[in-house]
2 protein chains.
Amino acid sequence: MTDSVPTAPPVPAATINRLPLYQRALAALDPRGTVSSAELAEATGVNPAQVRKDLSVLGLHGTRGVGYVAGDLLAQLSEHTGADEIHPLIVAGMGNLGLAVANHAGRRSQGFTVVAAFDVDPKLIGRTFRVGDGTVTVSHPNELPAIARRTGAVLAVVATPPAAAQQVCDDLIAAGITGILNFSATPVRVPTGVHIRDVDLAQELQILAYHERRAHPGADREEVNIR
Amino acid sequence: MTDSVPTAPPVPAATINRLPLYQRALAALDPRGTVSSAELAEATGVNPAQVRKDLSVLGLHGTRGVGYVAGDLLAQLSEHTGADEIHPLIVAGMGNLGLAVANHAGRRSQGFTVVAAFDVDPKLIGRTFRVGDGTVTVSHPNELPAIARRTGAVLAVVATPPAAAQQVCDDLIAAGITGILNFSATPVRVPTGVHIRDVDLAQELQILAYHERRAHPGADREEVNIR
DNA sequence: TTGTGTGAAAGTTTTCACAGCT
DNA sequence: AGCTGTGAAAACTTTCACACAA
């Protein structure tokens, strides 16, 4: 299924996930100056050797004894990740969360612009929101195919209630979307070739809560009775 | 630094991160019925062997040839993760995103309740919002120490602008917070003993965008000139 | 027969440590 | 002297495969 192109990507998934971190750190630096892997590590919370390995895997090299040229490195990274372009983004579900995400991530400075928003709520359809550095008007989902085609968007944010998420994702995929950021608190099945990332706010908190319970076992009145 | 208690936790981090997944899947089932690891796997997108190993590591066992009793398993899992209690939650930064997160995750059914919200914006201070299944009134940050002490909260959500994030986290930690869910688009340094999880919406999108670029190299008008 | 429990293999990711440019 | 580039080791995670209990 993954053999459509001759060279399979040898870039480790873990590396890919860190690239945006490096980009942000680099963006805060003087493009003309140099950065060492140690400095990048400090700014991102990553191990210095990891930084060097990540960049090295992408074919991005620094100068021994000196470091990397911040501006050059950022440009090369951006080209790799696609951060050198503005990606059109569709938002499905314009409740509180959908709006916040649209507003937060849908800025050109981040590399994204919200080109369409959908919701089934009649009170929302037709309303125009300021999101990021532009505006969107909420459309009915039955306009999705036409709008998706017209805008050429391949990325979408799903912020619907859990019950609707699978259907919404299916519709998005049918309309040509191939990358979905899923905020509905439910895992969704997608066909091969479509990328999905689940972000579940409650889950993140639950993970934190777990650690707190470990760290402060007696904090609650329940007696800890590990035998 | 981690040797405060005799037995260091032998539960792999990867396992911990999956526990909320299992909990959600189990909650949707008849508590009296049985589930097989295969069914749990199907519902969560995890490999069946992984499911068994995860549960086994926690000392949670099923019956061979039958499976696990859904209700029992959920109860035991919940006790482990702390999902059997309602955790008080503080929200710092009540913009769009802070409000959405508060509203989304701050429900008792999820195991959390928002006990306080802070913002520096004078227009927000004093306002009362419906969040989750309750309400909060936004306070000025200088009330943080008192409120934190009174509520006993140890978990906080940070949804401030990046520039304020480090200071806000420092203040939260000084007030006794030991677990932070950080939505500000910047990494924050915390002392040992404090857990932090970074959720960066733009970063998630950028990771998706990376994959799209790999999958559909010619989609943009820019000529791909990999030498 | 069905589905758990788990050693052992395979794969992935992180970290170390040091040779080699500048 | 300083910092990259990278093999090799260590740590962690996933997956396999099969004995074994119900």
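Each value, and the rule that gives it
Residues numbered from 1 in each chain as written. Chains lettered and ligands numbered in written order. Predicted model: local features only at pLDDT ≥ 70, side-chain atom pairs only at ≥ 80, totals over all residues. Heavy atoms only, no water. Least-squares fit on C-alpha atoms with pLDDT ≥ 70 in both. Contact = heavy atoms within 4.5 Å. Near = heavy atom within 4 Å. Polar contact = N/O pair within 3.5 Å; in protein donor to acceptor, adjacent residues only side chain to side chain. Helix = DSSP H or I, 4+ residues; strand = E, 2+ residues; numbered from the N terminus. Nonpolar A, V, L, I, M, F, W, Y, C, P; charged D, E, K, R; others polar. Buried area = accessible area lost by both parts, 1.4 Å probe. Salt bridge = Lys/Arg side-chain N within 4 Å of Asp/Glu carboxyl O. Axes fitted to C-alpha atoms, helices over the stretch in contact; angles between N-to-C directions. Left-handed = near helix turned anticlockwise from the far one by under 90°. Domains from an automatic or database assignment. Buried < 20%, exposed > 50% of the residue type's maximum accessible area, 1.4 Å probe, protein only. Right-handed = clockwise from strand over helix to strand, strands pointing away. Pairing = 2+ DSSP bridges. pLDDT = per-residue confidence, 0-100.

If you rotate chain A by 180 degrees and push it 0.0 Å along the axis, it lands on chain B with an RMSD of 0.1 Å. In short, the pair behaves as if placed about a two-fold rotation axis. Both copies share a contact surface, since 97% of the interface residues of chain A are interface residues in chain B too.

Turning our eyes to something else, we now look at the protein's contact with DNA strand C. The immediate surroundings of DNA strand C are formed by 24 residues, with Arg18 of chain A together with Ser37, Arg52, His61 and Gly62 of chain B found nearest. Within 4 Å of the protein, the contacting atoms of DNA strand C are drawn from sugar and phosphate to the extent of 63%. One of the backbone N or O atoms of Arg64 of chain A is found 3.2 Å from a sugar or linking oxygen in DNA strand C. Within the side chain of Tyr68 of chain B, one N or O atom sits 3.0 Å away from a phosphate oxygen of DNA strand C. Elements supplying a minimum of two residues to the surface near DNA strand C: α1 (13–27) and α3 (48–57) of chain A together with α3 (48–57) of chain B. Here the element with the most residues in the surface near DNA strand C is α3 of chain A; it accounts for four residues. Partitioned by chemical class, the residues of the surface near DNA strand C number six nonpolar, eleven polar and seven charged.

We now examine the interface of chain A and chain B. Taken together, the contacts link 63 residues of chain A with 61 residues of chain B. The contact between chain A and chain B buries some 6000 Å² in all, and 61% of this surface belongs to carbon and sulfur atoms. Between chain A and chain B we count ten salt bridges in total. Of the charged contacts in the structure, one is a salt bridge between Asp84 of chain B and Arg213 of chain A, with a shortest N-O distance of 3.7 Å. Across the contact surface, chain A and chain B share 19 residue pairs in polar contact (both at pLDDT 80 or more). Counting residues per element, the side of chain A that touches chain B draws most heavily on helix α8 (residues 201–215) of chain A, at 14 residues. Of the residues that constitute the side of chain A that touches chain B, the class distribution is 31 nonpolar, 18 polar and 14 charged.

Moving on, we get to the protein's contact with DNA strand D. Taken together, 25 residues surround DNA strand D, and among them Ser37, Arg52, His61, Gly62 and Arg64 of chain A come closest. Taken together, the sugar and phosphate atoms account for 64% of what DNA strand D places within 4 Å of the protein. In the environment of DNA strand D, a phosphate oxygen lies 2.8 Å from a nitrogen or oxygen atom belonging to the backbone of Gly62 of chain A. A distance of 3.3 Å is found between a base nitrogen of DNA strand D and a side-chain nitrogen or oxygen belonging to Arg52 of chain B. Within the residue set of the surface near DNA strand D, elements represented by two or more residues are α3 of chain A together with α1 (13–27) and α3 of chain B. Ranked by the residues each element gives to the surface near DNA strand D, the list is headed by α3 of chain B, at four residues. When grouped by side-chain class, the residues that make up the surface near DNA strand D number seven nonpolar, eleven polar and seven charged.

All names here are of chain A. With their axes 10 Å apart at the nearest point, α1 and helix α4 (residues 70–81) run at an angle of 145 degrees to one another. The handedness of the crossing between α1 and α4 comes out as left-handed. Residue-level contacts link Leu19, Tyr22, Gln23, Leu26 and Ala27 of α1 to Ala70, Leu73, Leu74, Leu77, Ser78 and Thr81 of α4. Along the lines of polarity and charge, the residues of the contact of α1 with α4 split into eight nonpolar, three polar and no charged.

Let's shift gears to the domain arrangement of chain A. Each domain of chain A was delimited in the assignment, giving domain 1 (13–81) and domain 2 (87–204). Centre-to-centre, using C-alpha coordinates, domain 1 of chain A lies 31 Å away from domain 2 of chain A.

Along strand β8 (residues 179–182) of chain A, one buried face is formed by Gly179 and Leu181 of chain A and the opposite face, lined by Ile180 and Asn182 of chain A, is buried too. The β-α-β motif built from strand β7 (residues 155–158) of chain A, the intervening helix α7 (residues 162–174) of chain A and the parallel element β8 of chain A has right-handed crossover chirality.

A few words on the pairing of β7 of chain A. All names here are of chain A. Alternating residues of β7 divide into Leu155 and Val157 and Ala156 and Val158, and every residue in both groups is buried. Two elements, strand β3 (residues 87–92) and β7, share four bridges in a ladder whose sense is parallel. Directly across from Leu89, in β7, lies its bridge partner Leu155. Note that β7 and β8 share four bridges and pair parallel. Bridge pairing links Ala156 to Ile180 in β8.

This part covers the confidence of the model for chain A. On average, residues of chain A carry a pLDDT of 91, and 91% of them reach 70 or more. Here residues 218–227 of chain A scores under 50 on pLDDT; set against residues more than four positions off or in separate chains, the count is three contacts.

What follows concerns the pattern of salt bridges. For side chains of opposite charge, pairing can occur when their charged atoms come near one another. Applying the stated criterion across every chain, the model contains twelve salt bridges over all chains. Between Arg18 of chain A and Asp54 of chain A there is a salt bridge whose closest N-O contact spans 2.7 Å. Of this pair, Arg18 of chain A sits in helix α1 while Asp54 of chain A sits in helix α3, and the two are 36 residues apart along the sequence. For Arg18 of chain A, a relative accessible area of 16% gives the class buried. For Asp54 of chain A, a relative accessible area of 2% corresponds to the buried category. With a closest N to O distance of 2.5 Å, Arg24 of chain B and Asp200 of chain A form a salt bridge. Note that Arg24 of chain B is positioned in helix α1 and Asp200 of chain A in the loop between β9 (195–198) and α8, a pairing that runs across two chains.

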